[in-house]
Amino acid sequence: MTYNPTAPKNQQVIALVDCDRTTYTMLSICNLQNRKIIEFKSAADMISNSEKLQLNIVTIVSQGDIMGPMGIPLVESLNKKKFQKTPFFLVTNNLDMNICKLALRAGITDIFKIPITIPKLETRINFMIDNWSDLNITSKGGKKKSYAVPFATRLFDILVATFCTLIFLPFFLIICILIKISSKGPAIYSSLKVGADYKIFKQYKFRITTVNNSTSPVDYESPDARMTGIGKFLKSTKIDEFPQLFNVLKGNMSIVGNSPLPLYEAEKLTTDKYILRFMAPAGITGSWQVEKRFNKGRISEESRWILDSNYAQNQSFMIDMQLFLRTFPALFKKGSIHKIE
Amino acid sequence: MGFTNSTRAKILVVEDDTFMQKILSTFLSKNYEVQVCDNGLDALSFLQDGNIPDLIMTDLNTPKLNGFGLLDQIKASDLFKDIPIIILSGEEGSDKKTKGLNAGAEDYVSKPFNPTELEARVKVILRRLGK
């Protein structure tokens, strides 16, 4: 195949990013009203060529999982790079309806589930390009308030995380080896979580269950029969949470803040009343964990979200310090802080 | 604007006539959470913002994008195609009804309609979907 990303000036271009042969072939036999299809190997390739050759890209089609690198993370990075706003279509094998709202809010226009059909492609792509400027899509772009962790908090995070990592490193290595010995699979497990500013990241934990191919983050959270011996110990001592120190170092999380949430749960909180909880640091420890009444048993979801919102409204370095110091006595009280997660 | 987190079923009404909007939202609001869009294009951008209703009720003659246009877009979208649609239209010709149902609508109710019957039809569809 010859790689020729040029197009006559003003011709509308449909950019295919990292799509497979079938997708390309299907699109090339569609009637897309004389728009030119150009394939790009990656988003970076598309961005650089689009600038260099002044391409008039009117739509982007990519292929992969919604949460994978070609899905939501790609849309977000294009938004961040201020790439011109165009309809964004994703071709995917796995369409999980639980995260479709999240996909829409992130800026994915539509998803084509494989096997894709020509009428669907033509109907959606042509319509969205033709009506893009009239479709007054509000939730993306300018209107969204963004949140950045305050400098003092970040500094504290880095100092504490570095200090703890250095001290505990030998223990980490021993734990990793023990997990490896106890059952097959990686020592550290990651699951997608939503943190500060509604950013999605991979949260690290020590693996406490045996590996199961169909494991979803939901299964991971529920205490179940798959928990390993060492897993039980790590969970009860909260040591399984320690790898989050790496998330802190990477800047995904803070030491103190609202607990990052699994996607399906975060999605339920995108309402005016609760969205505020994401306008605060995402922390390893926070108000739920420290609140005494939490230890008495189940705290209702409602009051949990209210605690989070209150924290977001009042967050300050002093409050963080208080919560941080109160975490230690809370740790030794009975009850699991992650009961309802 | 957007749906709240309540557990009540959510209905999106697409209707340009303000009087009709008022009747429908007053009547349906007793048991459902109702949002109204003036035309098909507004309805699509409402969906595009991540507001997924449990049911859409649309007029056929709406400005900018009419009911059939809206139906085509929703049924061609893998994200929206499972949302059931009731057409609510002043036209009652059998060919229009056939066309609407073939385009993917769950039901076709002609105006003037009996609100109680309309609500019963809504209930049937939601019941069938287990909502």
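Here we summarise the structure given alongside this text.

Reading the values: rules and limits
- Residues numbered from 1 in each chain as written.
- Chains lettered and ligands numbered in written order.
- Predicted model: local features only at pLDDT ≥ 70, side-chain atom pairs only at ≥ 80, totals over all residues.
- Heavy atoms only, no water.
- Core = buried A, V, L, I, M, F, W, Y, C linked by side-chain atoms within 4.5 Å.
- Buried < 20%, exposed > 50% of the residue type's maximum accessible area, 1.4 Å probe, protein only.
- Domains from an automatic or database assignment.
- Contact = heavy atoms within 4.5 Å.
- Axes fitted to C-alpha atoms, helices over the stretch in contact; angles between N-to-C directions.
- Helix = DSSP H or I, 4+ residues; strand = E, 2+ residues; numbered from the N terminus.
- Parallel < 35°, antiparallel > 145°, perpendicular 65-115°, else oblique.
- Left-handed = near helix turned anticlockwise from the far one by under 90°.
- Nonpolar A, V, L, I, M, F, W, Y, C, P; charged D, E, K, R; others polar.
- Buried area = accessible area lost by both parts, 1.4 Å probe.
- Salt bridge = Lys/Arg side-chain N within 4 Å of Asp/Glu carboxyl O.
- Pairing = 2+ DSSP bridges.

## Details of the nonpolar core
Residues and elements named next belong to chain A.
Part 1 of the argument: The biggest cluster of nonpolar side chains holds 86 residues, and the ones touching the most others in it are Met-46, Ile-60, Val-61, Ile-66, Ile-108 and Ile-125.
Part 2 of the argument: Residue-level mapping places this core at the junction of two domains, with at least three residues from each of domain 1 (12-143) and domain 2 (151-331).
Part 3 of the argument: What Met-46 contacts, discounting residues up to four positions off in sequence, is Ala-15, Val-17, Phe-40, Ile-57, Ile-60, Leu-78 and Phe-83.

## Things to note about the packing of helix H2 (residues 40-48) of chain B against helix H3 (residues 67-76) of chain B
Residue and element names in this part refer to chain B.
Part 1 of the argument: Interaxial distance between H2 and H3 falls to 9 Å at its minimum, and their mutual angle equals 25°. Judged on the interaxial angle alone, H3 and H2 are roughly parallel. Considering the relative orientation of H2 and H3, their crossing is right-handed. Of H3, the residues touching H2 (which contributes Gly-40, Ala-43, Leu-44 and Leu-47) are Leu-70, Gln-73 and Ile-74.
Part 2 of the argument: Here the residues of the contact of H2 with H3 are counted per class, giving five nonpolar, two polar and no charged.

## Topic: the interface of chain B and chain A
Part 1 of the argument: Contact residues are listed per partner, giving 21 residues for chain B and 28 residues for chain A.
Part 2 of the argument: Summing both partners gives a buried area of about 2,100 Å² for chain B against chain A, and 57% of it is carried by carbon and sulfur.
Part 3 of the argument: For the chain B face of the interface with chain A, the top three residues by lost area are Gln-48, Asp-78 and Leu-79 of chain B, together amounting to 34%.
Part 4 of the argument: Run the count over chain B and chain A and you get one salt bridge.
Part 5 of the argument: Between Asp-78 of chain B and Lys-120 of chain A there is a salt bridge; the shortest N-O distance is 2.6 Å.
Part 6 of the argument: At the level of secondary structure, the elements contributing two or more residues to the side of chain B that touches chain A comprise H2 and H3 of chain B.

## What about the sheet that holds strand E5 (residues 107-110) of chain B?
Residue and element names in this part refer to chain B.
Part 1 of the argument: In space, the five strands of this open sheet follow the order E2-E1-E3-E4-E5, with parallel pairing throughout. Because the sheet does not close on itself, it has two edges, and the strands there are strand E2 (33-37) and E5. Direction aside, the axes of adjacent strands within the sheet are offset by 20° on average.
Part 2 of the argument: Contacting strand E1 (10-14), strand E3 (55-58) and strand E4 (85-89), H3 runs over the sheet at an angle of about 175° to E4.
Part 3 of the argument: Where helix H4 (residues 94-102) meets the sheet, it contacts E4 and E5, and its direction lies at approximately 150° from that of E5.

Fair warning: the whole summary comes from geometry, so function is off the table for now.
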